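# Reading the structure
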Amino acid sequence: LSRVVWIYLPVVLLSHRAFADLFDSGAVRNWATIFLSVTLQALPFLVLGVLVSAALSALVPPTWLARISPTRPLAAVPVAGLAGALLPGCECSSVPVAGRLVERGVPPSAALTFLLAAPAINPVVIVSTAVAFRGDASMVGARFLASLLTAVTVGALWSRRQDIGDLRSLVPAHEHGTKLDAFTTTASTDFVQAGGFLVLGATIVATLQTVVPSNVLDAVGGSGIAAVAAMAVLAVVLSICSEADAFVAVSLPQFSLTARLVFLVVGPVVDIKLIALQAGTFGRPFASRFAPLTFVVAVASALLVGSVLL
Amino acid sequence: VSRLDLGGITVVSGAFALWVALTDAVLLYLKPSMRPYLVVAGTVLVLTGISVIGHELIARRRGTADASVDGQPADEHRHEPSTVGWLLVVPLVVAVIVGTDPLGAFAATRQVANRTYAADSIDLGAYLEASSFGGQTPALRVLDVVRGVSQADQRPLLDGRTIRLIGLVVRDGEADSFLLTRFVIGCCAGDAQPVQVRVRTNGTDLPEEDTWVQADVIVDVEASPTVPNGLDPVIADLVSLEPVDAPSEPYEYP
């Protein structure tokens, strides 16, 4: 495969749009635009994530993180939730960081709480939600609380079974050679591993957005169970960056506020792009149990908080 | 995936990000404020990949090459990611063979929906009254027109006034009107939503679908809905129409 790629890649590049006529259809172009935009949008955040993760493994002594994190998993969970709020960036940053935290001996439940909390309740997301909803404090507060509740609940549920799926698929850090060698090799490894799955996720997102007209879900509307289900599924399928989802939520006034809260709480913790990244970092068995659990908890948290605040 | 491949894939991904970020191609995919982040990410990736390749080449020369390369038992220090990593070359290949295009009429017809930007406020008065526009027709964003029409205090300002819009032509089978369309993106083209004005051509030939036009129009305030959305858009009458090239910044931002 290595030879095939390195020989044919320059050939493809030199062909420079010789094939463009073959793909001259609205659907294919639409697919390519969405595929590339989802990939490029996530790229800077993924790079930030692998840099933090590589710094953790190259610069922080292996036992130090395990020593400072609280020994009782339940105590670690809220701390990780708040730590997650401090790392700015979208969901793509937090996956490699969480993977490295687990590898360094942090309790999986705490690392997973961090994984879920970081994208949902960081300052950038709070500000963009406030801007989109024009300062509607109840929506901003509801989103913050429901997201934190989701992260802490999933972490607590997971702490009862200290098991993070197939940990063997976590690629160990590169720990020999110079510090620079260790840092760049670990960063490069994490990037290629997670990036490949990101591309896979972007492929599915672009295909669904091209094949399934979004009017199908919009047509549901209202405030009943169907509306909540439609918004939850829309959040998973669209895989919108958590900085931008509030602008989409605000433009769907035919859905109740609670249904839109479900959209804002589910999107940053379970979507196709994220499931692909988690499968790449923690292994498929993990992702296949973690994503459904998170989905159910996120919907329940949003409904609970929504019924009180909205 | 050997360590040389690892470095190679990282360099290629970074170079692709840099190429997109340093040309106007980035505006087809992301909001402009994301551009510096993409430049930084691309640079970091290229440098990281070069460092990985460099270290590996030095190690090979010294005869201490990495296990995953020269066939020693791989589990001693296994740090090769799965073959899925090769997928990172796919975005570059797609960009080259399919080409780089903004969202077109296809996306608009997929997403026509009863979505609305109604509640956003806008001060058209300050803009329209402040300048004489050097005798030119004042240009407005499609999003501004949609917002203006939905605001009771702004609506009258559009009545009877010729304004200039640039947008994509989307046809929906009507014989005497087309939908002048722009996409609004919050973050990337993946979250794009169309905003549209129905332009009645009143006898002028309909422009080709998926082409860009500059249209001078007068909004028909009486006929336009108070809460315009994808199914019930703003309605305007055409004054003059001119084909234009797609703008380098094809999207509007909320």
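The rules we used
Residues numbered from 1 in each chain as written. Chains lettered and ligands numbered in written order. Predicted model: local features only at pLDDT ≥ 70, side-chain atom pairs only at ≥ 80, totals over all residues. Heavy atoms only, no water. Helix = DSSP H or I, 4+ residues; strand = E, 2+ residues; numbered from the N terminus. Buried < 20%, exposed > 50% of the residue type's maximum accessible area, 1.4 Å probe, protein only. Contact = heavy atoms within 4.5 Å. Areas by Shrake-Rupley, 256 points an atom, 1.4 Å probe, with all protein chains shown as cover. Axes fitted to C-alpha atoms, helices over the stretch in contact; angles between N-to-C directions. Parallel < 35°, antiparallel > 145°, perpendicular 65-115°, else oblique. Left-handed = near helix turned anticlockwise from the far one by under 90°. Nonpolar A, V, L, I, M, F, W, Y, C, P; charged D, E, K, R; others polar. Disulfide = S-S within 2.5 Å. Buried area = accessible area lost by both parts, 1.4 Å probe. Salt bridge = Lys/Arg side-chain N within 4 Å of Asp/Glu carboxyl O. Polar contact = N/O pair within 3.5 Å; in protein donor to acceptor, adjacent residues only side chain to side chain. Expected span 1.5 Å × (residues − 1). Bend = angle between axes of the 7 residues up to and from the residue. Core = buried A, V, L, I, M, F, W, Y, C linked by side-chain atoms within 4.5 Å. Phe/Tyr/Trp six-rings, centres within 6.5 Å; stacked < 30°, edge-to-face > 60°. Pairing = 2+ DSSP bridges. pLDDT = per-residue confidence, 0-100.

### Brief notes about the overall build of chain B
Of regular secondary structure, chain B possesses eight helices and six strands. Shown N-terminal to C-terminal, the secondary structure of chain B runs as helices and strands in the order α-α-α-α-α-α-α-α-β-β-β-β-β-β. When burial is assessed residue by residue, chain B has 55% of its 254 residues classed as buried. Within chain B, contacts between residues separated by at least 24 positions form 72% of all contacts whose residues are at least 6 apart in sequence. A total accessible area of about 10,300 Å² is found for chain B, and carbon and sulfur atoms account for 54% of it.

### Quick look at the overall build of chain A
Broken down by element type, chain A carries 15 helices and zero strands. Taken across its 310 residues, chain A has 59% of its residues classed as buried. When the accessible area of chain A is evaluated, it comes to approximately 11,400 Å², of which 73% is carbon and sulfur surface.

### Some words on the environment of Ser251(A)
Mapped onto the elements, Ser251(A) comes out in the loop between helix H12 (245–250) and helix H13 (257–266). Using a relative accessible area of 0% as the deciding quantity, one classes Ser251(A) as buried.

### What about the packing of helix H8 (residues 137–159) of chain A against helix H15 (residues 284–309) of chain A?
Helix packing for two helices is described by the angle between their axes and how far apart those axes are. Residue and element names in this part refer to chain A. Orientation of H8 relative to H15, taken along the N-to-C sense of each, is 140 degrees, at an axis distance of 8 Å. Relative to H15, the element H8 lies oblique. The crossing of H8 and H15 is right-handed. Across from Ser138, Gly141, Ala142, Leu145, Ala146, Leu149, Thr150, Thr153, Val154, Leu157 and Trp158 in H8, the residues of H15 making contact are Phe286, Arg289, Phe290, Leu293, Thr294, Val297, Ala298, Ser301, Ala302, Leu304, Val305 and Leu309. Split into classes, the residues belonging to the contact of H8 with H15 amount to 16 nonpolar, six polar and one charged.

### Side note on the state of the cysteines
Applying the stated criterion across every chain yields a total of zero disulfides over all chains. In this model Cys188(B) remains outside any disulfide bridge; the closest cysteine sulfur is found in Cys187(B), 5.5 Å from its own.

### Thoughts on the interface of chain A and chain B
On the chain B side, the residues contacting the 75 residues of chain A number 75 residues. Summed over both partners, the interface of chain A with chain B buries about 6,200 Å², with 70% contributed by carbon and sulfur atoms. The interface formed by chain A and chain B includes two salt bridges. One salt bridge in this structure joins Arg29(A) and Asp101(B), with 2.5 Å as the shortest N-O distance. The interface formed by chain A and chain B holds 10 residue pairs in polar contact (both at pLDDT 80 or more) in total. For the side of chain A that touches chain B, the secondary-structure elements that each account for two or more residues are helix H1 (2–15), helix H2 (26–59), helix H9 (179–211), helix H10 (215–218) and H12 of chain A. Looking at which element gives the most residues to the side of chain A that touches chain B, the answer is H2(A), with 21 residues. Of the residues assigned to the side of chain A that touches chain B, the class counts are 44 nonpolar, 24 polar and seven charged.

### Some remarks on H2(A)
Residue and element names in this part refer to chain A. Relative to the 50 Å expected for 34 residues at 1.5 Å per residue, H2 spans 49 Å between its end C-alpha atoms, a close match to the ideal helical length. Approximately 35 degrees is the largest bend angle found in H2, and it occurs at leucine 43, with the proline proline 44 only one to four residues beyond. With 25 of 34 residues buried, H2 is to be regarded as a mostly interior element.

### Observations regarding the nonpolar core
The nonpolar side chains of a soluble globular protein tend to be buried, and buried together. One finds Phe191(A), Phe263(A), Val266(A) and Leu38(B) to be the most contacted residues of the largest nonpolar core, which totals 133 residues. The biggest single contributor to this core is H2(A), with 13 residues. Those residues in contact with Leu38(B) that sit more than four places away from it in its chain are Leu40(A), Leu43(A), Pro44(A), Ala17(B), Val20(B), Ala21(B), Val26(B) and Leu30(B). By size, the runner-up hydrophobic cluster in this structure holds 27 residues, among which are Leu140(B), Val169(B), Val197(B) and Val217(B).

### Digging into the packing of aromatic side chains
Residues and elements named next belong to chain A. All chains considered together, the criterion is met by seven aromatic pairs over all chains. Note on tryptophan 31 and phenylalanine 35: the rings are 4.8 Å apart at their centroids and 10 degrees apart in plane angle, and the pair reads as stacked. Residue tryptophan 31 and its partner phenylalanine 35 are both found in helix H2; the two are separated by four residues, about one turn of the helix. Looking at phenylalanine 35, the relative accessible area reads 0%, which means it is buried. A ring pair is formed by phenylalanine 286 and phenylalanine 290, whose centres lie 4.8 Å apart and whose planes are at 20 degrees; its orientation type is stacked. With phenylalanine 286 and phenylalanine 290 both in helix H15 and four residues apart, this pair spans about one turn of that helix. Assigned by exposure class, phenylalanine 286 and phenylalanine 290 land together as buried. Pairwise contacts between aromatic rings join Trp158, Phe282, Phe286 and Phe290 into one cluster.

### Focus on the pairing of strand S4 (residues 212–219) of chain B
On any regular strand, side chains alternate: one points to one face of the sheet, the next to the other face. Residues and elements named next belong to chain B. Counting buried positions along S4 yields seven of eight residues, so the element is predominantly enclosed. Here seven bridges tie strand S1 (residues 162–170) to S4, and the two strands are oriented antiparallel to one another. Considered in S4, the bridge of leucine 165 is made with alanine 215. As paired elements, S4 and strand S5 (residues 234–243) share seven bridges and run antiparallel to each other. Counterpart to valine 213 in the pairing with S5 is proline 243.

### Observations regarding the pattern of salt bridges
In this structure the tally under the stated criterion is 12 salt bridges over all chains. A salt bridge links Arg100(A) to Asp190(A); the shortest N-O distance between them is 2.6 Å. One end of the pair, Arg100(A), is in helix H5 (residues 91–103); the other, Asp190(A), is in helix H9, with 90 residues separating them in the sequence. Of the two residues, Arg100(A) and Asp190(A), neither departs from the other in class, the shared state being buried. With a closest N to O distance of 2.6 Å, Asp220(B) and Arg200(B) form a salt bridge. With Asp220(B) in the loop between S4 and S5 and Arg200(B) in strand S3 (residues 193–200), the pair connects residues that are 20 residues apart, well separated along the chain.

### Remarks on the confidence of the model for chain B
All names here are of chain B. Of all residues in chain B, 87% attain a pLDDT of 70 or more, and the chain-wide mean is 84. When pLDDT is averaged over each element of chain B, S4 comes out on top at 95 and helix H3 (residues 67–70) at the bottom at 43. Of the regions scoring below 50 in pLDDT, residues 66–78 engages in 22 contacts with residues more than four places distant in sequence or in other chains. Listed scores for the predicted complex are pTM 0.85 and ipTM 0.89.

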